[in-house]
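Letter by letter, the chains look like this.
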Amino acid sequence: MSLGALAFLALLPIAIGGTLLVGFRVPAKHAMPAAYLAAVGVGMGVWRMSPSRVAAASIQGLFLTFDLLFIIFGAILLLHTLERSGGVAAIRRSFHGISDDRRVQVVIVCWLFGSFIEGSAGFGTPAAVTAPLMVALGFPAAAAVMLGMMVQSTPVTFGAVGTPILVGVQGGLGGADFQAQLAGAGLTMMDFLRLVTAKAVLLHAAAGVLMPTFMVIMMTRFFGANRSWTEGLRIVPFTLFGGLAFTVPYVLFGTFLGPEFPSLLGAPVGLVIVVAAARRGFLIPRDTWDFPPRASWQSDWVSGLEEEMADVPEGRRLSTASAWAPYMLVGILLVLTRLPSLPLGAWLKALSLGWSDILGTGISASTTPLYLPGFILIVVVAATALLHRMQPRALADAVRSSTKVLAGAGIVLVFTVPMVRVYINSDVNGAGMLSMPIAMAEWVAGNVGRVWPLFAGCTGALGAFIAGSNTVSNLMFSAFQFGVAQRLAMSTVMIVALQAVGAAAGNMIAIHNVVAASATVGLLGREGSTLRKTILPTLYYLAVIGVLGLVAVRVVGVKDRLMAATAAAPSPDSLEVRFLDVGRADAILIRQGAQAVLVDAGNPANDIAGRLRDLGVDSLQAFIASHEHGDHIGSAGAVLGAMPVRRYIDNGTQLRSQAEEQVSAALDTLDIPVEHAPRTSVRLEDAVIDVMPPAGRDTAQNNRSLILLVRRGRFRALLTGDSQREEVDAMLVEDSLPDVDVLKAPHHGDPTVPTEAWLARLSPEVVVVPVTTADLDPETPRVYAAPGRTVLITGRSGDVSVLVDAAGAYVVRTQRPDTSGEPGGS
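Here's what I pulled together on the structure shown here. All residue numbers refer to positions counted from 1 along the written sequence of the respective chain. Note on the predicted model: pLDDT of at least 70 is required for a residue's local features to be given, and 80 or more for side-chain atom pairs to be given and counted; whole-chain, interface and lining totals, by contrast, use all residues. Note: side-chain values were computed over all heavy atoms of the structure, leaving out hydrogens and water.

All right, on to the overall build of the protein then. Working definition: helices are DSSP H or I runs of at least four residues, strands are E runs of at least two. Numbering for both runs from the N terminus. If you tally the helices and strands in the protein, you get 34 helices and 17 strands. For the radius of gyration, the atom set is restricted to C-alpha positions; the globular benchmark scales as 2.2 Å times the number of residues to the power 0.38. Against the globule reference of 28 Å for 826 residues, the protein gives a C-alpha radius of gyration of 30 Å, in line with a compact fold. In terms of its C-alpha atoms, the protein occupies a principal-axis envelope of roughly 100 × 55 × 50 Å. Relative accessibility thresholds used throughout: buried, under 20% of the residue-type maximum; exposed, over 50%; partly exposed, between the two (1.4 Å probe, protein chains only). Considering the protein as a whole, with its 826 residues, one finds that 61% of them fall into the buried category.

Below is the structure:
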């Protein structure tokens, strides 16, 4: 099955859920069970996940569902407690001393206070806290959910004290191969994370500085009496000021302190500045904007909580400090329990409930209930009851009303989160394929090529849309993004930063985050309406960072130390045999010092000429076409026209294909000497490439492939083109085969080609299979597997580079680790 077909099937469950929610306005409680069943069907039917693995993934999802429901319950309970203690009325009064303008309140409560909660706790907590707080202030429930989702953008990459970077990126990239590359560049893991952070804060600041403006204009457009964009634009000086008040310290903290601090410290700094300015009316227009009278609100704006909040009793007349104290205490406790330098977090994590190796699948699930923000919120509720001197009956009433809200959210989340875990756990399957999210991302990467920075953030957003988490998206896609960057010779730091920033933007449309936020204000069943609105800022965010990333990589030419160590030319001392990851095709660069030879040139879409330029190759000693099929000479014409080529060597047969005609035209125009099926050699300083005609007499194009032997010192590598069984048998009869260190598997790993006798004669230590994971035959790794032998699939490992010293000792480097678990995997 083609990679495109796999990507379509992987996308299908998400498309079903999205179409039902957004297109047909079906409530999530009906749409998400359908999406879950579709994910299970695709996982078992196409990826061949075992029933036990699907069940284990679903159980893992239920553990996470508990965590979410606990957070939702704590947020609702705090609001209902404040409602009954008189705190809501006091909070509402407190804004009279700052501003009654709802546009100003959005900047202060949602943008800045919400960003602080994100920096402290993350994982959907900001919307769960700010949405009900805004309803208490007089916002329609639908507006509060929309705004609560929008704040889950700029601060999210550094939420929960930097967890998406420290856990997501680090966990996604961790591995011996990556660590070796870091060591080669003289970097530690923390150095790399700081470099990613420094790029990410700049990307976020560029897009995020306008997010308060976006929030305000969407509020006035969708929830104003006049449905006006311009009513929001009238306060642009203040919203820009609010954006800068957060993003400037955010950039400074991220650049100089690291990933733990941009949101955690940048938001309170901005909050102090903006509140002080608002009290003085700085940049605030004279007109005060408010929602239309409550009686005229549309039915789809409200949940019923608004009326409840509007009628809250004054109770004891609490001071502003007492009313806001619970929310301040939430922030303080979240910080204290999440700073790694303090022991509180470890104490709370000591109570852990879990299930290891669920159903024997290797999947595990656990929860640490005392460490969850939900527990912190409940502690604050208890403190609030004492501080506000509440009657036990009033507190019990708050608990009862909060419990009722959970039922609707539970029905939705019990299907949504398990669906996510089925996606993520599809990496282990009977079809021998990468996980469903990676299949989608691989298809995008294979079809956009040189403009990948424009789409890197979209991949991160896809992960967050599926998982509802920046951290999980980074865990899923960081290694993939790193590999694509290396394959395209782009800055790995910039591409991984785009992944992290895009994943933050994707949180604005994450389905189970919408469900969680909606549940806190009693708005379940209208998730599609929220998604239709929050897709707008998501697209804005992705467009801004995509263009900035593309300009940085393609125009400015941003580089980094790790890129220089892994993608630049090897030292003049080394021979490099580099198997380019070009899908189900062949392109092999062999170079030593300033001299290079290219064997085959992939498909026309591979842009091999661009790849060579990015790798520092500007001329070729020889171009060798193993045979005339389009997946071997598709880009040959472009390569010949892009740089000087001294010799062109082919197998002497013709197919009269479009690719061959382009090659012939280029050879004639450029007057490049052509050699047909010679027995010859090409020298690169002290390395030699022996070119051998086919051993057999089969006239089929694949079996007419030229056979190449690369030699330096005691090192030997055999390149076999698309030779098939007849040619393999002829090689054995001719008895001219040496022992080799590296073998390029013939015909893209076709398992019917090699014989045991042939492999025993060659005895390779490394076998490289140039094929996509979608086109990989499941038998191939097992056919080539042997004790002490490494089998590398370019579709999994990216470019495979073999570096050989003068004596013939060699090392193998891959762009990304092969985590397939297949026999012989690297």
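The next subject is the pairing of strand β9 (residues 680-684). The alternating pattern of β9 places Thr680, Val682 and Leu684 on a buried face and Ser681 and Arg683 on a face that is not buried. In this scheme, strands are said to pair when DSSP sees at least two bridges between them. Bridging between β9 and strand β10 (residues 687-692) involves five bridges; their strand directions are antiparallel. Paired with Ser681 across the strands is Asp690, a residue of β10. Taking the residues between adjacent antiparallel strands as the criterion, β9 and β10 are bridged by two residues, where Glu685 takes a positive phi near 50°.

On to the packing of helix α1 (residues 3-23) against helix α2 (residues 28-45), then. For the pair α1 and α2, interaxial distance at closest approach is 8 Å and the crossing angle is 170°. One way to sum up the angle between α1 and α2 is to call them roughly antiparallel. Between α1 and α2, the contacting residues are Leu9, Pro13, Ile16, Gly17, Leu20 and Leu21 on the first element and Ala28, Ala31, Met32, Ala34, Ala35, Ala38, Ala39 and Val42 on the second. Broken down by class, the residue content of the contact of α1 with α2 amounts to 13 nonpolar, one polar and no charged. Note on definitions: angles span 0 to 180 degrees between N-to-C directions of axes, and those axes are lines fitted to C-alpha atoms, for helices only across the stretch in contact. Geometric relationships in this document are graded by angle, where less than 35 degrees denotes roughly parallel, more than 145 denotes roughly antiparallel, 65 to 115 denotes roughly perpendicular, and other angles denote oblique. Whether two residues are in contact is decided by their heavy atoms, any of which lying within 4.5 Å being enough. Side-chain classes are defined by residue name, with Ala, Val, Leu, Ile, Met, Phe, Trp, Tyr, Cys and Pro counting as nonpolar, Asp, Glu, Lys and Arg as charged, and the others, Gly among them, as polar.

Attention now goes to the packing of aromatic side chains. To describe a pair of aromatic rings, you give the distance between the ring centres and the angle between the ring planes. Put simply, two rings from Phe, Tyr or Trp (the six-membered ring, in Trp's case) pair if the centres are within 6.5 Å, and we call them stacked under 30 degrees between planes, edge-to-face over 60, tilted for the rest. Here the structure, examined in full by the defined rule, presents 21 aromatic pairs. Measuring from ring centre to ring centre gives 6.4 Å for Trp297 and Trp301, while their planes differ by 50°; the resulting arrangement is tilted. As far as the burial class goes, Trp297 and Trp301 line up, both buried. Taken together through their ring pairs, the aromatic side chains of Phe139, Phe223, Trp289, Phe291, Trp297 and Trp301 make up a single cluster. Placement of a positive charge over a ring is assigned whenever Lys NZ or Arg CZ falls within 6 Å of the ring centre and within 35 degrees of the normal to the ring plane. Over the ring of Phe222 we find Lys533, and its NZ or CZ is 5.5 Å from the ring centre.

Quick look at helix α30 (residues 658-670) now. Over its 13 residues, α30 runs 18 Å from end to end, which matches the ideal 18 Å to within 8%, given 1.5 Å per residue. Buried within α30 are the following residues: Ala659, Glu660, Val663, Ala666 and Leu667. Here the buried residues of α30 occupy an arc of 125° about the axis, which is enough to place them on one side. Opposite the buried face of α30, at more than 90 degrees from it, the exposed residues are Gln658, Glu661, Asp668 and Thr669. Where α30 is buried, its residues meet α28 (630-633), α29 (636-642), β7 (648-650) and β8 (674-676). Here a helix's expected span is defined as the number of its residues, less one, multiplied by 1.5 Å. Regarding the arc, it is the one traced by the directions from the helix axis to the C-beta atoms.

Take unusual backbone geometry next. A positive phi angle is found at Arg389, which is not glycine, with a value near 55°. Here Arg389 shows up in the loop between α18 (373-387) and α19 (392-424). With a phi close to 70°, Asp600 is a non-glycine residue in the positive phi region. Take Asp600: it is sitting in the loop between β5 (595-599) and α27 (608-614).

Moving on to the nonpolar core. As used in this record, nonpolar core signifies buried Ala, Val, Leu, Ile, Met, Phe, Trp, Tyr and Cys residues forming a set joined through side-chain atoms within 4.5 Å. Counting 190 residues, the largest nonpolar core has Trp47, Ile108, Leu147, Phe192, Tyr327, Val422 and Tyr541 as the members making the most contacts within it. Per element, the largest residue contribution to this core is 15 residues, and it comes from helix α3 (residues 51-85). Non-local contacts of Trp47, meaning those with residues more than four positions away in its chain, are made with Leu6, Ala10, Val42, Ser426, Asn429, Gly430, Ala431, Met433, Leu434, Ser435, Met436 and Ala439.

This next bit is on the pattern of salt bridges. Counted as salt bridges are all cases of a side-chain nitrogen of Lys or Arg within 4 Å of a carboxyl oxygen of Asp or Glu. All chains considered together, the criterion is met by 17 salt bridges. In this structure, the salt-bridge partner of Arg53 is Asp427, at a minimum N-O distance of 3.4 Å. Placement of the pair is Arg53 in helix α3 and Asp427 in the loop between α19 and α20 (436-448), with a sequence separation of 374 residues. Assessed through its relative accessible area of 41%, Asp427 is described here as partly exposed. Each of Glu576, Arg578, Arg591, Arg611 and Asp799 takes part in a single network of salt bridges with overlapping partners.

This next bit is on the sheet that holds strand β15 (residues 790-793). If you trace the seven strands from one edge of the open sheet to the other, you get β9-β10-β11-β12-β13-β14-β15, paired in mixed fashion. This sheet does not close on itself; its edge strands, each paired only once, are β9 and β15. Adjacent strand axes in the sheet meet at a mean angle of 15°, parallel and antiparallel pairs treated alike. Across five bridges, the pairing between strand β11 (residues 707-712) and strand β12 (residues 715-719) is antiparallel. From the neighbouring strand, Arg712 faces β12, where its bridge partner is Phe715.

Surface patches are drawn from residues lacking salt bridges whose relative accessible area is over 30%; two like charges belong together within 9 Å, two nonpolar side chains (Val, Leu, Ile, Met, Phe, Trp, Tyr) within 5 Å. Shrake-Rupley sampling with a 1.4 Å probe provides the accessible areas, and residues are treated as covered by the protein chains on show and by no other component. Together, Leu244, Val248, Leu252, Phe256, Leu257 and Leu265 give the surface a local cluster of nonpolar side chains, amounting to about 550 Å² of exposed area. Along the polypeptide, Leu257 turns up in the loop between α13 (236-256) and α14 (262-279).

Here the focus is helix α8 (residues 159-173). Counting buried positions along α8 yields 11 of 15 residues, so the element is predominantly enclosed. For α8, every residue scored as buried is listed here: Gly159, Ala160, Val161, Gly162, Thr163, Pro164, Ile165, Gly168, Val169, Gly172 and Leu173.

Strand order in the open sheet made by the eight strands is β8-β7-β6-β5-β4-β3-β16-β17, with mixed pairing throughout. Looking at the sheet topology across the chains shown, the edges are occupied by β8 and β17 (810-814). Neighbouring strand axes in the sheet, compared pairwise and without regard to direction, differ in orientation by 15° on average. One ladder, built from five bridges, connects strand β3 (residues 575-579) with strand β4 (residues 588-592); its direction is antiparallel.

Moving on: the packing of helix α21 (residues 453-467) against helix α23 (residues 492-506). When two helices pack together, their arrangement is captured by the angle between the axes and the distance separating the axes. In the contact formed by α21 and α23, the axes pass within 6 Å of each other and the chain directions differ by 45°. As the angle between them shows, α21 and α23 are arranged oblique. In this structure, α21 crosses over α23, and the sense of that crossing is right-handed. Of the residues in α23, those in contact with Pro453, Ala456, Gly457, Thr459, Gly460, Ala461, Ala464 and Phe465 of α21 are Ile495, Leu498, Gln499, Gly502, Ala503 and Gly506. Looking at the contact of α21 with α23 residue by residue, the classes come out as eight nonpolar, six polar and no charged. What makes a crossing left-handed is the near helix being turned counterclockwise from the far one by less than a right angle; a clockwise turn instead makes it right-handed.

Next up on the list: the pairing of β3. Counted residue by residue, β3 has five buried out of five residues, so it is predominantly covered. Burial along β3 is two-sided: the face carrying Leu575, Val577 and Phe579 and the face carrying Glu576 and Arg578 are both buried.

Let us now look at the side chain of Thr220. Here Thr220 is to be found in helix α11 (residues 211-223). A distance of 3.3 Å separates a polar side-chain atom of Thr220 from the backbone nitrogen of Gly232. Not counting chain neighbours up to four residues away, the residues in contact with Thr220 comprise Arg103, Arg227, Ser228, Trp229, Glu231, Gly232 and Trp289. Residues adjacent in sequence count toward polar contacts only when both atoms are side-chain atoms; beyond that, a polar contact is any pair of N or O atoms within 3.5 Å, and within protein one must be able to donate a hydrogen and the other to accept it.

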